[in-house]
There are 2 protein chains.
Amino acid sequence: MVKKWVYAFEEGNANQRALLGGKGANLAEMTNINLPVPQGITVTTEACIDYYTCHEQISDEIREQIFEYLEKLEVKTGKTLGGEHNPLLVSVRSGAMISMPGMMDTILNLGLNPTTVEAIAKKTNNRRFAYDSYRRFIMMFSDVALGIERALFDNELEAIKEKNGYKVDTELTVDDLVGLVAKYKEIFLQEMGYEFPDDPKVQLMIAVEAIFKSWNNQRAITYRKLNNISHTLGTAVNIQSMVYGNMGDTSGTGVAFTRNPATGEKAVFGEYLINAQGEDVVAGIRTPAPIEKLKEDMPEVYDQFIKIADILENHYKDMQDIEFTIEEGKLYMLQTRNGKRTAAASLKVAVDLVNEGKIDKKTALTRVDASSITQLLSPQFDAEVLKNATVAATGLPASPGAAVGKVYFTAEEASARAQAGEEVILVRKETSPEDIEGMHYANGILTARGGMTSHAAVVARGMGKCCVAGCEAVKVFEEEKYFLIGETKVAEGDIISIDGTTGNVYIGTIPTIPANVGGDFGTLMAWADEYRRMGIRTNADSPADAKTALYFGAEGIGLCRTEHMFFDSERILQVRKMICADTVEQRVEALDKIMPMQKGDFYEMFKILEGRPMTVRLLDPPLHEFLPQEEKDIIQIAEELEISVDKLKLRIADLHEVNPMLGHRGCRLSVTYPEIARMQTTAIILAAIDAKKDGFDPQVEIMIPLAGGKPELEYVMNIVRECADKLIAENEADVEYKLGTMIEIPRAALLSDEVAEIADFFSFGTNDLTQMTMGFSRDDAGKFIGEYLDHNLLEHDPFQSIDQKGVGKLVQMSVKDGRSVKPELKCGVCGEHGGDPASIEFFDTCGLNYVSCSPYRVPVARLAAAQATIKHEDMLF
Amino acid sequence: MVKKWVYAFEEGNANQRALLGGKGANLAEMTNINLPVPQGITVTTEACIDYYTCHEQISDEIREQIFEYLEKLEVKTGKTLGGEHNPLLVSVRSGAMISMPGMMDTILNLGLNPTTVEAIAKKTNNRRFAYDSYRRFIMMFSDVALGIERALFDNELEAIKEKNGYKVDTELTVDDLVGLVAKYKEIFLQEMGYEFPDDPKVQLMIAVEAIFKSWNNQRAITYRKLNNISHTLGTAVNIQSMVYGNMGDTSGTGVAFTRNPATGEKAVFGEYLINAQGEDVVAGIRTPAPIEKLKEDMPEVYDQFIKIADILENHYKDMQDIEFTIEEGKLYMLQTRNGKRTAAASLKVAVDLVNEGKIDKKTALTRVDASSITQLLSPQFDAEVLKNATVAATGLPASPGAAVGKVYFTAEEASARAQAGEEVILVRKETSPEDIEGMHYANGILTARGGMTSHAAVVARGMGKCCVAGCEAVKVFEEEKYFLIGETKVAEGDIISIDGTTGNVYIGTIPTIPANVGGDFGTLMAWADEYRRMGIRTNADSPADAKTALYFGAEGIGLCRTEHMFFDSERILQVRKMICADTVEQRVEALDKIMPMQKGDFYEMFKILEGRPMTVRLLDPPLHEFLPQEEKDIIQIAEELEISVDKLKLRIADLHEVNPMLGHRGCRLSVTYPEIARMQTTAIILAAIDAKKDGFDPQVEIMIPLAGGKPELEYVMNIVRECADKLIAENEADVEYKLGTMIEIPRAALLSDEVAEIADFFSFGTNDLTQMTMGFSRDDAGKFIGEYLDHNLLEHDPFQSIDQKGVGKLVQMSVKDGRSVKPELKCGVCGEHGGDPASIEFFDTCGLNYVSCSPYRVPVARLAAAQATIKHEDMLF
């Protein structure tokens, strides 16, 4: 049986996104619910995959099916590709399963050639329109399909405009356009070495192949990498008969959302341009009019549009992003899709749709991208300060948020500076797909041109990045690296603040305050808490962290890294004395001074936690991390320690390690220096005893890091238990504690049945477990991990999202083996993966009891955990 | 039911070594075959374990059983412990399952007190003997059971001898001895704070407990660690009625082997002292007479002894080490055990016993300690040079071999210097158990006193260490750190050569030549090859290594580390140029110069291998290993490279890694610098093509190191395959090659099913697999691994013998998963564990196809593999 590679729109439906791409599936769906869609066909994503499988060749079978369906389209439309009288012109667009704005390339007006252009001119009685379409087609085809530099064409256009003193394109005469077509064809010949193809079938196949190729262009690959989209999905190709928004003043084109994509407000929100093609709106070259104005221009069309928007939203049960064209008064729907939105909008839309009875809570929970909601937690500008701040300029509030940073004018520079640790704002005249990486790394984006649906605005909202767009008061000189607002000059490296919620731009730094976690946010989080199976704890090393995390909904502390408490300036001296001690006695003396300080912190944290559990990890890093490396620091610190510089240097040399990651750290320190473990145990237990006396019900969990097996864990547990039990007995206190371990060495994961015999709990230290299981030093992997991602040798950075196959397998084995011995064994995660939604989903399927993440990731984790449970509802633990 | 903690000799047998210890089991066995053994009882090893389990308390049940059996012994012997007329005196000796010479403590004459000493004096009519025994008992009991310094007693003895001008102990009068007893008791009171116990029952229980305690003294622990003996076996205690070799000239004591323990020659070999106790022989204080002299002294006893020796060897079917005492003309057997022997003797005895029809080949193979046979491969002194060399002195040929090194006079110094890389000879007046560690690290041992069964001789033979003992011409001044031979002074750090086969000592260095692998050695190896299941390959990086390994029986090269070929002085310059190249072109240019050199080596190796396989590993170490670190080297090398010092420093800084072990190395280099993989592939394949043309049938296996999963392995395999196939096609050559990977990253082991889909073979790199699975940096673990071993947190150093539980589990999983996909998957090991017998046994049980080890370990591996197969005969693969 022959495989079906091509579908007519009426053959598909919205569930076939994987096969037809999002755009194709939605065009099919709209066709089937009788909305006015220009007819067309979709070449499947499977054809794209086939193309790559067959060494980048479109098979004869696929080619034949395309033309077979094209003939049917000709019958349906009564038009003929290349026809002398009523020629069929088509758009050719990509459409992947997951929408990638700006990533993919579109060709309009395909089918034009010397014959058909005359036919169109005659048929429309608009020669100017016909030749304008023709020159646009040649340019787009050359640029998009064959990679000829667009500037070559633009220069010709500019030259003619300049020569004739035209200001806008519409001033071009028919003769100008005919001349441009000839010029464009010359450019094509010169660049390609052969004539521009006049045969529409040849044009079509080149265009289809170009779209297949564009699946693997650098921009697309980068986007997929940034968004964790698989490279093996492929894209579909939509071939659709053309309709024209540029046929005069009763024509137009626009884009609209059924709700406000920035705030989520329930009201159609969009823009349109009269006498324009779709690309004109997206490119942001002309500033479009708000959709409400259409009511005045074409009231019937407006009413029809609003009705259709409503139908679509009800049909898809989600906010839609719609593209439409009006051809001589007749409305056509070109595309609908679930609209990209800011996190805030996403939240509001989800909650509103539940309140409107359109979706249920579970659906609402799956509608919000978990990782996006950190944005809502980022501080906002302090309203008090804003009152008195001078607004330097105001643009469109394209994507909400508050951003402060140094100004950079190219994506490369912004990206490099941000990765070097600077706070960065990317400032551009307008952005293009090449800027995506820079936008990703910047705190915020400011553009001088473009509307609410311009590239910058759409992408920034997708990224949850603060963006002020179309700020015309800002005159950008990208080459010269500065911008002007009136006479104020802001140069590269100067600091500005931008407010994506108001569109305001400020010179200098505006201070910020914490986000509000009530309202829709609170509602959604409460729903998440209702559904999720896993607990959410936080990694907190200080009372301040603990407070923040509880504010965001943490249910306890999953990891308190005691060494972070050592860096306080008062304490570090004693820590260093301890490290440089010659005898156990000297070491104990220094430790005795540290103890009360640690105890104080623990007490505060038990108090803040009010009966929620706290897992305290004993000292983990190698001791050399506490000693200075630079000559001048060594001299100074030797003085502070009252020892000779030589002695300090000797100790530093002594502690030097070839591979500190695999060295003398974790519980190995407790084996060689049991007095450190005793000091820390004392601090924890005495704090708990005091907290108990003061009525705070401390839930103490002491965690021993880096154990490789049962004997060493038991050895250190005995040290801790002996010390703790003695203190509890001496104080006649009613304090209990749990003793567990981190599973972060592969061996411990492999021998979890033994380890579980003695441990009260396991906490997976997935950072180190990843380092050891994959043999990747986190500090060094940067040298090759980029190439690994580029060559698809890794699906993603394993330090950002857990390597489920390898490291994850160890976690699964460990939980299973551990619980085979101790069914009630509590298992959690305290690596940074605890805040990554994909990892959280995986951990949920492993049956973990909780994840622990940094305070600002707590809401992400709450939502992601709920989503995981909803997705894997049928799994039992 | 009450547990049986005590056995009379007649209740046990030789199979109960685990329960009764080796000594106890053999005393029982000898009792049962009616040999003259002084009657006694054995407290089991389980009682020792019970002692440690019960917080170092001997339980009432055990105590009661001891005295119950003691009563039976009293009945049997007609003597009474503490009796006024016919008192029972006993020896109390330890006896573990595995004999540990010198490790355990013996107490003789227990039961003596003011009453019984008089009874003995009366009964033997030898007051001198009675009081001499008494003072010896007090001293031994105080020293051995209670740790009072022996020198305190010796000083008293010396003082009396000096005062009276005595030269030897036998000149002491009865009064002297009575006085000494009193003095000794005073010392006891002063040291212990209580009177010396007169109650024999109290004496006995203290002695039993002392033996239990001695199981965990430092010497015993060290010995067990050095010999991989479990710390949880425990020791038995033998309580045996005394017989006396020191009752005059018709009494004596001796030790003998049924064959020569140094050479294996078939002839009773031993020594005895007239009028002496056993300790006198072992301590080497008086030089004993050879056993043949007994024929003259006491012909009947000699004949009886020879007959018994024969009975014992036939009974045990192995060479016996026998202790005997003659009490007033009557022969008693005190102990028999399988005799410790040199590797050479072990080999000869095993082969001879087969030839004599006493054991079969399989038994013979299990009789030789696999790790000991490397000794036989160590070079011997060049006979030609020896002819003209001046023999400075001649001692006893106590343990064969040739050793050259710098002279050190304390075990500590010898041990420290040897660990720092020096070649060391330990020179002592006589050795004691405290010297074991120093003996272990020294190349050879030279002592001035003691016979063939002195401590030095016995221990050295056990260790397979060259030893010249009792070299009386050598006057040792340990404190002053020199020795004299006549007037020649040899100071600490001077070099000497000693020949343990002749007993000769030479000043300076005597050159050596390779060992002979024929004779008995060849016979046993041929038997091993008959039985073993696994192949034995070698790790060889040069034609010379390959030759040596084939000489020792390697069946191919399991690991050729190409980077070792890079360090040749001609090549390293090009390697550095390659590393410092700015462009791919420059890099390729340098690589092109290295290629022919590598090709030349590979060609030579294919030629030497004559059709045996060679696994070549692509470049593995991080590139910074090839660059200098020291300022002066940097300056010099920058000049050689014709680049600026700053540039070289920049490159070095660029390549610096925090954890190089987990960094940019292995196949990661091939991903980022595919041209290196191509150069190496070219060298290998062109060499194979040439070798093929020249008729050498090269078996090419290319190994890709450090893969973490299938995608990266596939990526690098494609680079290699593309290059190799092109060369083979271009040259129209009939060369085949296999492409496989090292499994050394835990992730690769976990995902072996996937990896096996594309790999032709797996080679376990157990060194790195150990580092990553256990989280131990080999370079840094020294800082804590000692404490881990001391606290029994590790059973052994996992870099010496594989961690079977953890790392081994990964190996097992990997083999199983890999073969589930590809049943014919060839699996080998190329870590250093490939030469360790315990690891080899484990690998055999994993079903590996081969192990690969360093050339000198090849015979060890052949034998160990045969032993593994014999032990696990029933396992099917």
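Residues numbered from 1 in each chain as written. Chains lettered and ligands numbered in written order. Predicted model: local features only at pLDDT ≥ 70, side-chain atom pairs only at ≥ 80, totals over all residues. Heavy atoms only, no water.

## Description of the overall build of chain A
So, step 1. Across its full length, chain A carries 35 helices and 33 strands.
So, step 2. A compact globule built from 877 residues should have a C-alpha radius of gyration of about 29 Å, and chain A, at 32 Å, falls within 12% of that.
So, step 3. Taken over the C-alpha atoms alone, chain A extends approximately 100 × 70 × 55 Å along its principal axes.
So, step 4. The 877 residues of chain A split such that 58% are buried.
So, step 5. Long-range contacts, defined as pairs at least 24 residues apart, comprise 68% of the intrachain contacts of chain A with a sequence gap of at least 6.
So, step 6. Just so you have it, chain A exposes about 34200 Å², and 49% of that area is on carbon and sulfur atoms. (Helix = DSSP H or I, 4+ residues; strand = E, 2+ residues; numbered from the N terminus. Rg over C-alpha atoms; globule rule 2.2 N^0.38 Å. Buried < 20%, exposed > 50% of the residue type's maximum accessible area, 1.4 Å probe, protein only. Contact = heavy atoms within 4.5 Å. Areas by Shrake-Rupley, 256 points an atom, 1.4 Å probe, with all protein chains shown as cover.)

## Side note on the packing of aromatic side chains
The description of an aromatic ring pair uses the distance of the two centres, along with the angle that the planes make with each other.
So, step 1. The tally for this structure, following the rule as stated, stands at 46 aromatic pairs over all chains.
So, step 2. Above the face of the Tyr 332 of chain A ring, Lys 330 of chain A is positioned so that its terminal group lies 4.8 Å from the ring centre.
So, step 3. Residue placement shows Lys 72 of chain B over the ring face of Tyr 69 of chain B; its charged tip is 4.3 Å from the ring centre. (Phe/Tyr/Trp six-rings, centres within 6.5 Å; stacked < 30°, edge-to-face > 60°. Lys NZ or Arg CZ within 6 Å of the ring centre and 35° of its normal.)

## Notes on the interface of chain A and chain B
So, step 1. In this complex, chain A contributes 47 residues to the contact, which on the side of chain B involves 47 residues.
So, step 2. Ranking the residues of chain A by area buried against chain B places Leu 662, Arg 747 and Lys 783 of chain A at the top, with a combined share of 14%.
So, step 3. Taken together, the connections running from chain A to chain B amount to four salt bridges.
So, step 4. A salt bridge links Lys 805 of chain A to Glu 754 of chain B, with the nearest nitrogen and oxygen atoms 2.7 Å apart.
So, step 5. Elements that contribute at least two residues to the side of chain A that touches chain B include exactly α25 (645-655), α26 (667-672), α28 (710-730), α29 (746-750), α31 (766-774), α32 (782-790) and α33 (807-821) of chain A.
So, step 6. Here the residues of the side of chain A that touches chain B sort into 21 nonpolar, 12 polar and 14 charged. (Buried area = accessible area lost by both parts, 1.4 Å probe. Salt bridge = Lys/Arg side-chain N within 4 Å of Asp/Glu carboxyl O. Nonpolar A, V, L, I, M, F, W, Y, C, P; charged D, E, K, R; others polar.)

## Here's the deal with the confidence of the model for chain A
So, step 1. Of all residues in chain A, 99% attain a pLDDT of 70 or more, and the chain-wide mean is 92.
So, step 2. With a pTM of 0.79, the predicted complex shows an ipTM of 0.78. (pLDDT = per-residue confidence, 0-100.)

## What about the sheet that holds strand β27 (residues 557-561) of chain A?
All names here are of chain A.
So, step 1. Read around the closed barrel, eight strands run β26-β27-β28-β29-β30-β31-β32-β33, paired in parallel fashion. The average undirected angle you get between the axes of adjacent strands in this sheet is 25 degrees.
So, step 2. For strand β28 (residues 613-617) and strand β29 (residues 699-704), the ladder comprises five bridges, and the chain directions are parallel. By the bridge assignment, Thr 615 is partnered in β29 with Glu 701.
So, step 3. Docked against the sheet, helix α35 (residues 858-871) engages β26 (535-539) and β33 (850-853), running at close to 155 degrees with respect to β26. (Pairing = 2+ DSSP bridges. Axes fitted to C-alpha atoms, helices over the stretch in contact; angles between N-to-C directions.)

## Observations regarding empty space enclosed by the protein
So, step 1. Within this structure, the stated rule accounts for three cavities of 30 Å³ or more.
So, step 2. Approximately 70 Å³ is the volume found for the largest cavity. (1 Å grid on protein atoms, 1.4 Å probe; cavity = no way out; pocket = protein on both sides within 12 Å on 5 of 7 lines; lining within 4 Å. Points joined across faces, edges and corners; volume = space filled by probe spheres on them.)

## Some remarks on the relation of the copies chain A and chain B
So, step 1. Superposing chain A onto chain B requires a rotation of 180 degrees together with a translation of 0.1 Å along the rotation axis, leaving an RMSD of 0.1 Å. Interpreted geometrically, this transformation is the action of a two-fold axis. Within chain A, the C-alpha atom positioned nearest to the axis of rotation is that of Asn 659 of chain A, 2.2 Å from it.
So, step 2. Most of the interface of chain A is mirrored in chain B, where 100% of its interface residues are also at the interface. (Least-squares fit on C-alpha atoms with pLDDT ≥ 70 in both.)

## Notes on the pattern of salt bridges
All names here are of chain A.
So, step 1. Applying the stated rule across the entire model yields 110 salt bridges over all chains.
So, step 2. Glu 11 is the salt-bridge partner of Lys 4, the closest N and O atoms lying 2.9 Å from each other.
So, step 3. Its relative accessible area of 29% is what places Lys 4 among the partly exposed residues.
So, step 4. Judged by relative accessible area, which is 36%, Glu 11 ranks as partly exposed.

## A short note on the pairing of strand β24 (residues 504-507) of chain A
For a regular strand, side-chain orientation follows a simple rule: the groups alternate between the two sheet faces.
All names here are of chain A.
So, step 1. As paired strands, strand β14 (residues 393-394) and β24 are joined by two bridges and run antiparallel to one another. Counted as the bridge partner of Ala 393 is Val 505 from β24.
So, step 2. Inspection of the sheet shows strand β23 (residues 495-499) paired to β24 by four bridges, in the antiparallel sense. Bridging from a neighbouring strand, Ser 497 pairs with Tyr 506 of β24.
So, step 3. Between β23 and β24, which pair antiparallel in sequence order, lie four residues; one of them, Gly 503, sits at a positive phi of approximately 85 degrees.

## A short note on the sheet that holds strand β15 (residues 396-399) of chain A
Two strands in a sheet stick together by hydrogen bonds in their backbones, pointing the same way (parallel) or opposite ways (antiparallel).
Residues and elements named next belong to chain A.
So, step 1. Reading across from one edge, β14-β24-β23-β16-β17-β18-β19-β15 is the order of the eight strands in this open sheet, with mixed pairing throughout. Each edge of the sheet is formed by a strand with only one pairing partner; in this case those strands are β14 and β15.
So, step 2. Sheet strands in contact with helix α17 (residues 411-419) are β16 (402-408) and β17 (424-428), and its direction is about 180 degrees off that of β17.

## A look at the environment of Ile 594 of chain B
Residues and elements named next belong to chain B.
So, step 1. For Ile 594, the location among the structural elements is in helix α23 (residues 584-609).
So, step 2. Ile 594 sits 22 residues away from Ile 572 along the chain, and the two C-alpha atoms are 9.0 Å apart.
So, step 3. Excluding residues that lie within four positions of it along the chain, Ile 594 makes contacts with Phe 566, Gln 574, Val 575 and Met 679.

## Points about α28 of chain A
Three- or four-residue spacings in an α-helix give side chains the same orientation, since the helix completes a turn every 3.6 residues.
So, step 1. Over its 21 residues, α28 of chain A runs 29 Å from end to end, which matches the ideal 30 Å to within 8%, given 1.5 Å per residue.
So, step 2. Of all the residues in α28 of chain A, the buried ones are Glu 712, Leu 713, Val 716, Met 717, Ile 719, Val 720, Cys 723, Ala 724, Leu 727 and Ile 728 of chain A. Looking straight down α28 of chain A, one finds its buried side chains confined to an arc of 155 degrees; they lie on one side. Facing away from the buried surface of α28 of chain A by more than 90 degrees, the exposed residues are Glu 722, Lys 726, Ala 729 and Glu 730 of chain A.
So, step 3. Buried-residue contacts for α28 of chain A involve α26, α27 (674-693), β29, β30 (737-743) and α30 (752-758) of chain A together with α32 (782-790) of chain B.
So, step 4. Directly after α28 of chain A, the chain includes Glu 732 of chain A, whose backbone phi takes a positive value near 45 degrees. (Expected span 1.5 Å × (residues − 1). Arc of directions from axis to C-beta.)

## Some details on the packing of helix α22 (residues 569-580) of chain A against helix α23 (residues 584-609) of chain A
Residue and element names in this part refer to chain A.
So, step 1. In contact at an axis separation of 8 Å, α22 and α23 are set at 150 degrees when each is read in the N-to-C sense. The interaxial crossing formed by α22 with α23 has left-handed handedness. Contacts between α22 and α23 involve Glu 570, Arg 571, Gln 574, Val 575, Lys 577 and Met 578 from the former and Arg 587, Ala 590, Leu 591, Lys 593, Ile 594, Met 597 and Asp 601 from the latter.
So, step 2. Looking at the contact of α22 with α23 residue by residue, the classes come out as six nonpolar, one polar and six charged. (Left-handed = near helix turned anticlockwise from the far one by under 90°.)

## Comments concerning the packing of helix α13 (residues 343-355) of chain B against helix α20 (residues 519-531) of chain B
All names here are of chain B.
So, step 1. Interaxial distance between α13 and α20 falls to 9 Å at its minimum, and their mutual angle equals 70 degrees. In this view, α13 runs roughly perpendicular relative to α20, as classed from their interaxial angle. At the point where α13 passes α20, the crossing takes the left-handed sense. Packed against α13, whose contacting residues are Leu 347, Lys 348, Val 351 and Val 354, the element α20 presents Asp 520, Phe 521, Thr 523, Leu 524 and Trp 527 at the interface.
So, step 2. Residues belonging to the contact of α13 with α20 are distributed by class as follows: six nonpolar, one polar and two charged. (Parallel < 35°, antiparallel > 145°, perpendicular 65-115°, else oblique.)

## Details of α22 of chain A
All names here are of chain A.
So, step 1. Its 12 residues give α22 an end-to-end C-alpha distance of 17 Å, which sits within 8% of 16 Å, the value for a rise of 1.5 Å per residue.
So, step 2. Among the residues of α22, those classed as buried are Arg 571, Ile 572, Gln 574, Val 575, Arg 576, Met 578, Ile 579 and Cys 580.
So, step 3. Against α23, α24 (631-641), α25 and α27 lie the buried residues of α22.

## Digging into the side chain of Thr 44 of chain A
So, step 1. Mapping Thr 44 of chain A onto the fold places it in the loop between β2 (40-43) and α2 (45-53).
So, step 2. Dropping the residues within four chain positions of it, Thr 44 of chain A is found in contact with Lys 4, Trp 5, Val 6, Tyr 7, Leu 19, Leu 20, Thr 235 and Ala 236 of chain A.

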